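Fold and contact review
Chain by chain, the residues run as shown.
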Amino acid sequence: MRSVTDSLLQPSDEVAEALAGGAPVVALESTIISHGLPQPRNLEVARELEGVVRAAGAVPATIAVLDGVARIGLNEVELERIATESGLRKLGQRDLPVAAAMKASGATTVSATSFLAARAGIRVFATGGLGGVHRGWTEDQDESADLDTLARTRITVVCAGVKSILDVPATLQRLETRGVTVAGYRTDTFPGFYLNSSGLPIEWRIETPEDAAAVMRGQDALAGGPETALIVANPVPEDQQLDPALHDRVLAEALAAAEREGVKGQAITPFLLSYLVKGTGGASLEANLAAVRGNTALAARIAVAWSRA
Ligand code: PSU
Ligand code: MN
């Protein structure tokens, strides 16, 4: 008989087979598709990212909750639902039991995706930029659940740092406090999401996917401590970044608009990202996509190295 856990967490046949055989698998989140990118580009991107993973010899597992069931690996029709269904919810880790009980559908954030991926036995995950501590946190205390989940989940997240709409120094500080390991991929500074660099130094630099796999082995060898994540911070190439002056100008406008319109909570991140897309004439979208593509390709190489380790 299937247990309750089984019936709420369902890998696709392809993902289940890959995991059982020790083949490389890369988790992909769905909030970026449903809430982070404009239609119809979002569906193309969802497909493209799965293709990037396959081209590197790994199996993609896009994660979302459909009718109350956490699905690990989506087929074409399911991917389309995530990209086009209106009223799809944005689910963090804490929302998962309610979504299950209510048989709701929703896209999963970094926090929910990490949580579900780790439970399904997937070790490597690619996204664009992590959530973190929002600007103005001294007043509003808005800190993404991404950080808390990564402080207690054994997963490797490949990302272009944290979204630059955030208070990046405060977020790096919180990652340190919570004991989340951060390594720069061929960089000594923390990436700036749309920008190649945030200008903030990071302590560790790795050069290859095999280095990442070695750090992961180190995490597991130091067993008994908290199950923390590894963040592999992979910058968008300099020639594909958003123009820094344009970034700073439009971001200031976006933050002022959010303040004026009283946008808060779950809505703030999608609001700022879409403001940037409009305000930069689509240039921020291209930089975001370049970052996500690069992260997905690197995550696949890390998953391959990990499967051989
Ligand atoms: N990366 C992107 N675009 C996104 C996100 C990440 O390039 O839209 C999403 C992720 O799902 C992340 C979420 O978990 O934004 C953070 O939302 P919040 O700040 O409400 O926790
Ligand atoms: Mn928040």
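Only a predicted model underlies this, so the values are computations on that prediction, with no experimental measurement involved.

1. Let's talk about the site of ligand 1
As a structural note, the neighbourhood of ligand 1 is formed by 18 residues, with Glu29, Lys90, Val110, Ser144 and Thr269 the closest of them. Glutamate 29 places a side-chain nitrogen or oxygen 2.6 Å from an oxygen atom of ligand 1. Lysine 163 has a polar side-chain atom sitting 3.0 Å from an oxygen atom of ligand 1. For ligand 1, whose unbound accessible area comes to 480 Å², protein coverage reaches 94%. Of all elements in the fold, only helix H3 (31–36) and helix H13 (268–279) reach the threshold of two or more residues within the shell around ligand 1. The greatest single-element share of the shell around ligand 1, amounting to three residues, is contributed by H3. Each residue belonging to the shell around ligand 1 can be placed in one class, and the counts come to four nonpolar, ten polar and four charged.

2. Observations regarding the pattern of salt bridges
Within this structure, the stated rule accounts for 18 salt bridges. The residue aspartate 67 makes a salt bridge to arginine 81 at a minimum N-O spacing of 3.1 Å. Taken together, the positions of aspartate 67 in the loop between strand S3 (59–66) and strand S4 (69–72) and arginine 81 in helix H5 (residues 76–84) put the pair 14 residues apart, joining distant regions of the chain. Judged by its relative accessible area of 41%, aspartate 67 is partly exposed. A residue is classified by how much of its surface remains accessible, and arginine 81, at 23% relative accessible area, is partly exposed. Residue aspartate 95 is joined to arginine 94 by a salt bridge in which the shortest nitrogen-to-oxygen separation is 3.9 Å. Taken together, the salt bridges that share partners define one network made up of Arg41, Glu44 and Glu286.

3. Structural notes on the domain arrangement of the protein
Taken domain by domain, the protein consists of domain 1 (1–122) and domain 2 (130–309). One C-alpha centre belongs to domain 1, the other to domain 2; they are set 20 Å apart. Facing 31 residues of domain 1, the contacting portion of domain 2 comprises 26 residues. Carbon and sulfur atoms supply 67% of the area buried between domain 1 and domain 2, which totals about 2200 Å² over both sides.

4. Notes on the pairing of strand S11 (residues 230–233)
Look at any regular strand and the pattern is simple: side chains alternate between the two faces of the sheet. Burial of S11 is two-sided: the residues Leu230 and Val232 facing one way and the residues Ile231 and Ala233 facing the other way are all buried. Here strand S8 (residues 156–159) pairs with S11 via four bridges, running parallel. Counted as the bridge partner of cysteine 159 is alanine 233 from S11. Across four bridges, the pairing between strand S9 (residues 181–185) and S11 is parallel. Each residue of the ladder has a partner; that of valine 182, found in S11, is isoleucine 231.

5. Looking at the environment of proline 270
Locating proline 270 in the fold gives a position in helix H13. Of the residues examined, proline 270 reaches a relative accessible area of 19% and is grouped as buried. Linking proline 270 and serine 34, residues 236 residues apart in sequence, is a C-alpha distance of 9.7 Å.

6. Notes on the nonpolar core
Judged by nonpolar contacts, the single largest core of 60 residues is most densely connected at Ile72, Ile122, Leu130, Leu150, Phe190 and Ile231. At six residues, helix H12 (residues 244–261) tops the list of elements feeding residues into this core. Residue contributions to this core reach at least three from each of two domains, namely domain 1 (1–122) and domain 2 (130–309). Once residues lying within four places of it in the same chain are set aside, the contact partners of leucine 150 are Ser114, Leu130, Ile155, Val157, Val180, Thr228, Ala229 and Ile231. Counting 38 residues, the second-largest nonpolar core is a separate cluster that includes Leu28, Ala64, Tyr185 and Leu285.

7. Some remarks on the packing of aromatic side chains
On inspection of all chains with the given rule, the structure shows two aromatic pairs. A centroid spacing of 4.4 Å and a plane angle of 50° characterise the contact between phenylalanine 193 and tyrosine 194, whose relative ring orientation is tilted. Tyrosine 194 matches phenylalanine 193 in its accessibility class, with the two residues each being buried. Taking the centre distance of 6.3 Å and the plane angle of 40° together, the rings of phenylalanine 271 and tyrosine 275 count as tilted.

8. Quick notes on the UniProt feature "active site" (unreviewed entry) in the protein
According to UniProt, the "active site" (unreviewed entry) feature falls on Glu29 and Lys163. Structurally, the position occupied by glutamate 29 is in the loop between strand S2 (25–28) and H3. Only 3.3 Å separates the side chain of glutamate 29 from the backbone nitrogen of threonine 31, close enough to count as a polar contact. The buried category is assigned to lysine 163, whose relative accessible area is 12%. Setting aside chain neighbours within four positions, we find lysine 163 in contact with Gly129, Leu130, Gly131, Val168, Phe193, Thr269 and Leu273.

9. Considerations on the side chain of threonine 62
For threonine 62, the position within the fold is in strand S3. A polar contact is formed between the side chain of threonine 62 and the side chain of glutamate 50, at a distance of 2.6 Å. Every residue in contact with threonine 62, bar those within four places of it in the chain, is listed here: Leu28, Glu29, Glu50, Arg71, Ile72, Gly73, Leu74 and Leu79.

Parameters and conventions
- Residues numbered from 1 in each chain as written.
- Chains lettered and ligands numbered in written order.
- Predicted model: local features only at pLDDT ≥ 70, side-chain atom pairs only at ≥ 80, totals over all residues.
- Heavy atoms only, no water.
- Near = heavy atom within 4 Å.
- Polar contact = N/O pair within 3.5 Å; in protein donor to acceptor, adjacent residues only side chain to side chain.
- Areas by Shrake-Rupley, 256 points an atom, 1.4 Å probe, with all protein chains shown as cover.
- Helix = DSSP H or I, 4+ residues; strand = E, 2+ residues; numbered from the N terminus.
- Nonpolar A, V, L, I, M, F, W, Y, C, P; charged D, E, K, R; others polar.
- Salt bridge = Lys/Arg side-chain N within 4 Å of Asp/Glu carboxyl O.
- Buried < 20%, exposed > 50% of the residue type's maximum accessible area, 1.4 Å probe, protein only.
- Domains from an automatic or database assignment.
- Contact = heavy atoms within 4.5 Å.
- Buried area = accessible area lost by both parts, 1.4 Å probe.
- Pairing = 2+ DSSP bridges.
- Core = buried A, V, L, I, M, F, W, Y, C linked by side-chain atoms within 4.5 Å.
- Phe/Tyr/Trp six-rings, centres within 6.5 Å; stacked < 30°, edge-to-face > 60°.
- UniProt positions renumbered as here; feature names shortened; annotations may be inferred.

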